[in-house]
Amino acid sequence: MKKKSTEILVIGGGVTGCGVLFDAAQRGFKSLLIERGALSNGTSGRFHGLLHSGGRYAVKDADAARECIEENIILRKIMPEAIEDTGGLFVSTPFDPPEFADSFYTACQEIGIPVEEISPAEALRREPLLNPQLRRVFVVPDGSVETWEACQMLVDSAKEYGAEALLYRKVIDIFTNNGKVTGALIKNVITDEELTIEADMVVNAAGAWGGRIGHMAGCEITVNSGKGTMVAMNYRMVNTVVNRCGPPSDGDILVPVGSVAVIGTTSVGVPDPDDYPIEDWEVERMFNKGEEMIPSFKKFRALRAWAGVRPLYQEKEAGADLRKVTRKYALLDHLTRDGVDNFVTITGGKWTTYRMMAEHTLDMVCQKLGTERPCKTATTVLHSHGDKNHFTLGQRLEKLEKGELKGQLICECELVTRPQIEERLAQSDRNIINDLRRDLRVGMGPCQGGFCTYRVTGIMHENKGISAQEANKALVDFLQERWKGIQPILWGQHLRQMQLDEGIYLGLLGLDKLPIELSGADRGRIGEVETEGYFEIEAVPN
Ligand SMILES: Cc1cc2nc3c(=O)[nH]c(=O)nc-3n(C[C@H](O)[C@H](O)[C@H](O)COP(=O)(O)OP(=O)(O)OC[C@H]3O[C@@H](n4cnc5c(N)ncnc54)[C@H](O)[C@@H]3O)c2cc1C
């Protein structure tokens, strides 16, 4: 079995783990990150996309709100390419308790969140689709975040300090010796190959899966999984983040992200962070709540629904209302807590507070390792290595029209060209179309991969020299993943689109009869596509 050694082993490639990796590497530690999927494979890639001003928590959770505004100010400076300064509105509609507005304004002022009241008329001038019956409106410094770009920037910057990140590798065991964690056993989820890593310190940044990692090291940690469902609408109907001015509840925030607007979320406890279906009532509630903010909301086309799981840490089991669990983060030293040395857990918190969480984690690590190394992440500006620079479709269209984006157009919705795809494929040793989606946005537009997926598969087949069966597998895996987010919103235009996609993939290409390369224990064998649940179109009444 192969072996590696490092000073700091970080488990989890969400924004927390990426932040910890960068901070550790910048402080001069030899650092290695292990992630079982792609970067942002967990909650960090399935969240709402809001750079919190802290306003959402101001009334009920002042500590969490304070952390958010402090980090909001820092992140705008250190990762401007991953943040869009949309600003935020807290709107009091006829459906919100009128007395909340004064408590909100006072709490924001006490915490230090810049807040300004504007007239409903001014709010409607800025956002004409808002409910014309608004009673009061407050402006706060919310923003919108590009998570894949942010995580990639953190890892790329960590690599400049010598760090390493191994993706599609899963931690399957933690080694302990005489009450000390000494490393971990890793499995490559694509090849099944195992690898032993020896480490001086292991940081558990596995989010909602943190309890499982703790258990491997003999430490029992209660991280509750709070599922939240969101719906992306195929239209950027607001340019400002819009929050309801009331106690946090379902579907009370609408975030403009790139070319779409995302409404969310629900909050439901789930026993398994890997298994959480999107329920019909959740989607329905998002639409009803959206309609309260924007009266024409239901008329817009929905693009996709998805859910993520909040890592909600509690020393004891949470009660039924997960919204009452603090959004403050928890940093656990397992020596003082469980008698297990060289092992710390960082969990909870928000995307917005990842940097602060990483800083405090590394402060603890330094103290445990008996070394003093100052944190510099609050003042180090990170740069994107890609072409995204806070992606908007307009930027790509402009480049296309000026002839700067050359080659065949492969994804018409997101304006992705063949040379872009070929360049990314050449940089990767994996054949995963989802990686291209995260990187280039292939397949993320209204047709959800209907027209581009078979083209991308063909390019992958040709450029990577893989077998037809492997290419088929990449195609099927991608379509099945897309299908999960389409299935809950099948009505109107999207239903028509999916019937067309079904015709292309099942009728024309015979997707369900394609021979594919099997994975897992059956690797190397050729089998048939597992189509159960796939393209089983059952329209949801609108
Ligand atoms: C619905 C929803 C909406 C949200 N909206 C916002 C928002 O708008 N703004 C905001 O600031 N915050 C928001 N949050 C909170 C925020 O998304 C999370 O706090 C944050 O993303 C957690 O990041 P993380 O890195 O700790 O966890 P994750 O991103 O989940 O990362 C943990 C990683 O560990 C990996 N992992 C697990 N087990 C193993 C293993 N055995 N081996 C290797 N890797 C492993 C997982 O694959 C995963 O990638 C939202 C959360 C939810 C659920």
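As a reminder, the structure under discussion sits directly above these lines.
*Asks:* I tried to follow the overall build of the chain on my own but got confused; where do I start?
*Replies:* Secondary structure assignment for the chain yields 15 helices and 24 strands. Seen along its three principal axes, the alpha-carbon backbone of the chain occupies a region of about 65 × 60 × 45 Å. Counting across all 542 residues of the chain, residues that qualify as buried make up 56%. A sequence separation of at least 24 residues applies to 72% of the contacts in the chain between residues at least 6 apart. If you sum the accessible surface of the chain, you get close to 22200 Å²; carbon and sulfur atoms cover 49% of it. Across the chain, the centroid of the 63 positively charged side chains sits 1 Å from that of the 77 negatively charged ones.

*Asks:* Is there a simple way to explain the packing of aromatic side chains in this structure?
*Replies:* Within a pair of aromatic rings, the relevant descriptors are the distance that separates the centres and the angle that separates the planes. Inspection of the entire model under this criterion finds 10 aromatic pairs. Plain terms: the ring middles of Trp 351 and Tyr 354 are 5.6 Å apart, the flat faces sit at 70° to each other, and that makes the pair edge-to-face. Accessibility classification places Trp 351 together with Tyr 354 in one group, the buried group. Put simply, the rings of Phe 90, Phe 104, Tyr 105 and Phe 138 touch in pairs and so form one group of aromatic residues. Taking the ring centre of Phe 29 as reference, the NZ or CZ of Arg 373 above it sits at 4.0 Å.

*Asks:* What is the right way to look at helix 7 (residues 280-293) in this model?
*Replies:* In an α-helix there are 3.6 residues to a turn, and that puts residues three or four apart on one side. With 14 residues, helix 7 should reach 20 Å at 1.5 Å per residue; the first-to-last C-alpha distance of 21 Å fits that figure. Listing the buried residues of helix 7 in full gives Glu 282, Val 283, Met 286, Phe 287, Gly 290, Glu 292 and Met 293. Looking at the packing, one finds that the buried side of helix 7 touches strand 13 (223-233), strand 14 (241-244), strand 15 (253-257), strand 16 (260-264), strand 17 (268-270) and strand 18 (302-313).

*Asks:* Explain the side chain of Glu 81 to me, please; I cannot follow it from the model alone.
*Replies:* Following the sequence through the fold, Glu 81 ends up in the loop between helix 2 (62-78) and strand 4 (83-84). Judged by relative accessible area, Glu 81 falls into the buried class, the value being 18%. Here the side chain of Glu 81 touches Ser 384 through a polar contact of 2.6 Å, landing on its backbone nitrogen.

Thresholds, definitions, all that
Residues numbered from 1 in each chain as written. Predicted model: local features only at pLDDT ≥ 70, side-chain atom pairs only at ≥ 80, totals over all residues. Heavy atoms only, no water. Helix = DSSP H or I, 4+ residues; strand = E, 2+ residues; numbered from the N terminus. Buried < 20%, exposed > 50% of the residue type's maximum accessible area, 1.4 Å probe, protein only. Contact = heavy atoms within 4.5 Å. Areas by Shrake-Rupley, 256 points an atom, 1.4 Å probe, with all protein chains shown as cover. Lys, Arg positive; Asp, Glu negative; His and termini not counted. Charge placed at Lys NZ, Arg CZ, Asp CG, Glu CD. Phe/Tyr/Trp six-rings, centres within 6.5 Å; stacked < 30°, edge-to-face > 60°. Lys NZ or Arg CZ within 6 Å of the ring centre and 35° of its normal. Expected span 1.5 Å × (residues − 1). Polar contact = N/O pair within 3.5 Å; in protein donor to acceptor, adjacent residues only side chain to side chain.

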